[in-house]
Amino acid sequence: MTAVMSTYGRYDLAFERGEGPYLFAMDGRRYLDFGTGIAVTSLGHCHPHLVKALQEQVATLWHCSNLYTIPGQVKLAERLAANSFGDAVFFCNSGLESMEAAIKLCRRYHFQKGDEKRWRTLTVEGAFHGRSLATIAAAKNAKHLEGFGKPVDGFDQVPFGDLDALRAAITDETACIAFEPVQGEAGIIPADLDYLRQLRKIADEFGILLLLDEVQCGMGRTGKLFAHEWAGITPDVMSLAKGLGGGFPIGAIVATAEAAKGLTPGTHGSTFGGNPLASAAANAVLDVMLEDGFMEGVDKKARKFWNDLKEVTGRYPKVYETVRGAGMMLGIKCVVPAGDVITKFHEAGLLPVPAGDNVVRFLPPLTAEESHFAEALEIVDATGKALEAGGG
Ligand SMILES: *Cc1c(COP(=O)(O)O)cnc(C)c1O
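Residues numbered from 1 in each chain as written. Predicted model: local features only at pLDDT ≥ 70, side-chain atom pairs only at ≥ 80, totals over all residues. Heavy atoms only, no water.

Undergrad: Tell me about the site of the ligand, and please be specific about residues and values.
TA: Around the ligand sit S94, G95, L96, F128, H129, G130, E180, D213, V215, Q216 and K242, and those are all the residues in its vicinity. D213 places a polar side-chain atom, nitrogen or oxygen, 2.7 Å from a nitrogen atom of the ligand. Residue Q216 places a side-chain N or O atom 2.8 Å away from an oxygen atom belonging to the ligand. If the ligand stood free it would expose 380 Å²; the protein chains cover 82% of that surface. (Near = heavy atom within 4 Å. Polar contact = N/O pair within 3.5 Å; in protein donor to acceptor, adjacent residues only side chain to side chain. Areas by Shrake-Rupley, 256 points an atom, 1.4 Å probe, with all protein chains shown as cover.)

In structure tokens, the structure reads:
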């Protein structure tokens, strides 16, 4: 027992330091970090460029509040807009905050247009949008809602992939469709690209907004800066967080000028959002991710890793069922309990992340190299062999 509240089921592991794709435990043991703190440290640990940028900012200015202009934040917003569909960016500190902001933006958009009846958000089954009262109501995961009283109103849900159900659920009160292009927590479930295109079409047809939750799948995770780029569509608003600060807490929403119209002065805010330190971290992340050829390199490495992973897991059909995902956001659906596979991975020095649907999730650093993937594959192979032979 510690004084830390017991809201998490934690592994019995504690780390002292990180270096590139590796974490070093208190006992000195080295682990290959293919979980990246749940898609956060996407450039690995202590990336020299991030370390330098933060060291400089730490010695200059940490915080001043959004009462004032923050030049680093302005620069970050301009770069996010220039490299996406967006025109306007709002900064906060986490994924759920970005979803809250995005949902508020959608409601205010219709309000500003004089259509204040439109305030409800439509989500799909299996969604995860965070742990605030509104975002648990949005996702409707019974486990997350239990014991917290009547869920916040304003959210409707349809089955994932069912366009007829989606159309039927849109009423004159619907403000937006909120959707993860690749569901993370549910067990790495990528949307069909055509389904994404249809969501765009339906939103246009009904005059409602398309809100994409790219908190986990954005910032290069799928081999493009943003996951929706694969479908050749653009949302009206997108939420970002996890990978944005490379390990420093920062979240954002990126929106078109039209969609952002309703968020006029005083309608939303955050004390910490986009402060000088957070903005410096995210700007440093962008310096790396926007380098010529970086995303192409991620895509290439991801395709090879996926193919190799399919091949290796295919050898042990009694242990591993399938590999699915997009880019460097991959899930192995297991036949044996995923927890048993994770225990074996830990023993062998490999860190994945558990996900729903009996899936073991890999979210490697985007900077991982051939030797790191080979190291992971060897452990996946040895674990399959051991578990197929009957445990031990
Ligand atoms: C992690 C996650 C969130 C919530 O982010 P927090 O920073 O934990 O609040 C929201 N949406 C998706 C898709 C996520 O993966």
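Moving on, there is more to tell.
Undergrad: Report on the domain arrangement of the chain, specifying residues and quantitative values.
TA: In terms of domain boundaries, the chain breaks down into domain 1 (15-40 + 294-388) and domain 2 (49-289). Computed over C-alpha atoms, the centres of domain 1 and domain 2 are 27 Å apart. Listed per partner, the contact involves 26 residues of domain 1 and 25 residues of domain 2. Taken over both partners, the interface formed by domain 1 and domain 2 buries close to 1,900 Å², and the fraction arising from carbon and sulfur atoms is 63%. (Domains from an automatic or database assignment. Contact = heavy atoms within 4.5 Å. Buried area = accessible area lost by both parts, 1.4 Å probe.)

Undergrad: Any chance you could break down the pattern of salt bridges for me, citing the residues and the numbers?
TA: Here the structure, examined in full by the defined rule, presents 22 salt bridges. Two residues, D156 and R120, come together in a salt bridge whose shortest N-O distance is 2.8 Å. Of this pair, D156 sits in strand β6 (residues 155-158) while R120 sits in strand β5 (residues 120-124), placing them 36 residues apart in sequence. A salt bridge links R167 to E205, with the nearest nitrogen and oxygen atoms 2.8 Å apart. (Salt bridge = Lys/Arg side-chain N within 4 Å of Asp/Glu carboxyl O. Helix = DSSP H or I, 4+ residues; strand = E, 2+ residues; numbered from the N terminus.)

Undergrad: Provide a residue-level description of the side chain of R118, including the pertinent values.
TA: With respect to the secondary-structure elements, R118 resides in the loop between α4 (95-112) and β5. When its relative accessible area of 13% is taken as the criterion, R118 is described as buried. A polar atom in the side chain of R118 sits 2.7 Å from the backbone oxygen of T174. Aside from chain neighbours lying at most four places away, what touches R118 is R107, H110, T171, D172, E173, T174, A175, F206 and I208. (Buried < 20%, exposed > 50% of the residue type's maximum accessible area, 1.4 Å probe, protein only.)

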